[in-house]
Amino acid sequence: MTDFLLYEQDGPVVTLTMNQPEQRNPLTGNTAIPEFLAAIDRIHDDRSVRCVILAANGPSFCAGGNIHEMKRQASPEVSEMDIRQDYRRGIQRLTLALFNLEVPVIAAVNGHAIGAGLDLACMCDIRIASEKAKFAESFIKLGIIPGDGGAWLLPRIVGMSRAAELAYTGDMIDARQALDWNLVSRVVEAEQLLPAARDMAGRIAQNAAHGVRLTKRLMREAIHSRLDTVLELSAVFQAICHKTPDHTEAVDAFLEKRAPRFS
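Residues numbered from 1 in each chain as written. Predicted model: local features only at pLDDT ≥ 70, side-chain atom pairs only at ≥ 80, totals over all residues. Heavy atoms only, no water.

K.L.:
What is the right way to look at the nonpolar core in this model?
P.N.:
The nonpolar side chains of a soluble globular protein tend to be buried, and buried together. Formed by 54 residues in total, the largest nonpolar core has its most connected members in Met18, Leu27, Leu54, Phe61, Leu120 and Phe135. When residues of this core are assigned to their parent elements, the largest contribution, seven residues, is made by helix α1 (residues 32-45). Listed in part, the 16 residues of the second largest apolar core include Val13, Cys51, Ala196 and Val212. (Core = buried A, V, L, I, M, F, W, Y, C linked by side-chain atoms within 4.5 Å. Buried < 20%, exposed > 50% of the residue type's maximum accessible area, 1.4 Å probe, protein only. Helix = DSSP H or I, 4+ residues; strand = E, 2+ residues; numbered from the N terminus.)

Below is the structure:
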């Protein structure tokens, strides 16, 4: 994959790097969506992967939609039903695939995350920002709405009031304000962004793989489930974890006062 997305694996950690810096890494008008979907399928098929880092080359993280593609969609030749299908078969597939990826995903936001670029970061589990990062839910500036699920994702991260402020104004916020609003979990110096993401990925990857995957699935399901439903699912997942070799190894290691050696 060399047109848009670079795929690099270092042990249990995969780094996906968006690589169209001259266009600020847009998600439409190029091969971004099929490349993302292929990479996610590859990760699903590789049980050795325990964490993913989503990064970007260039000064921007992701500019969101390609303005020339928006111009095409606004033309009389493209119908409303065509546009609906473009979204359903395009970026919305990415939203579901990335959000439901079993292993944790860390977004390393190096620069501007605009529109669908902000929502792309919100599809990830954890967001780390460079001090140079900037964020905007800027669809309204172009007279459109978040067609990629941002209206569902953003309020669950920053709360309804702040999500509404971002979506209704289209205003841009910097990394420090993003940290204050819990949009990101930490801000680091620009040159420390990837090292910080790799350090966090390494700390995640050293844990029991089954436990991490099922914890992510449980947290995803808990977003829109009742407490009794989550408790029942927790009991099922816990029964699975109790029977894994990694759990046995963790208990033995604790009793023997040594570091566990997970398979």
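Once you've had a look at it, read on.
K.L.:
How should the side chain of glutamate 249 be read in this particular structure?
P.N.:
Structurally, glutamate 249 is set in helix α12 (residues 245-255). Ignoring anything within four residues of it in the chain, the contact list for glutamate 249 reads Arg258, Ala259, Pro260, Arg261 and Phe262. (Contact = heavy atoms within 4.5 Å.)

K.L.:
Sorry if this is basic, but what is going on with the sheet that holds strand β8 (residues 134-136) here?
P.N.:
Strand order in this open sheet of four strands is β4-β6-β8-β9, and the pairing throughout is mixed. If you trace the sheet from one side to the other, it starts and ends with β4 (60-62) and β9 (172-174), each paired once. Looking at each pair of strands side by side, their axes are set apart by 20° on average, direction ignored. Pairing of strand β6 (residues 112-114) with β8, which is carried by three bridges, proceeds in the parallel orientation. From the neighbouring strand, isoleucine 114 faces β8, where its bridge partner is alanine 136. (Pairing = 2+ DSSP bridges. Axes fitted to C-alpha atoms, helices over the stretch in contact; angles between N-to-C directions.)

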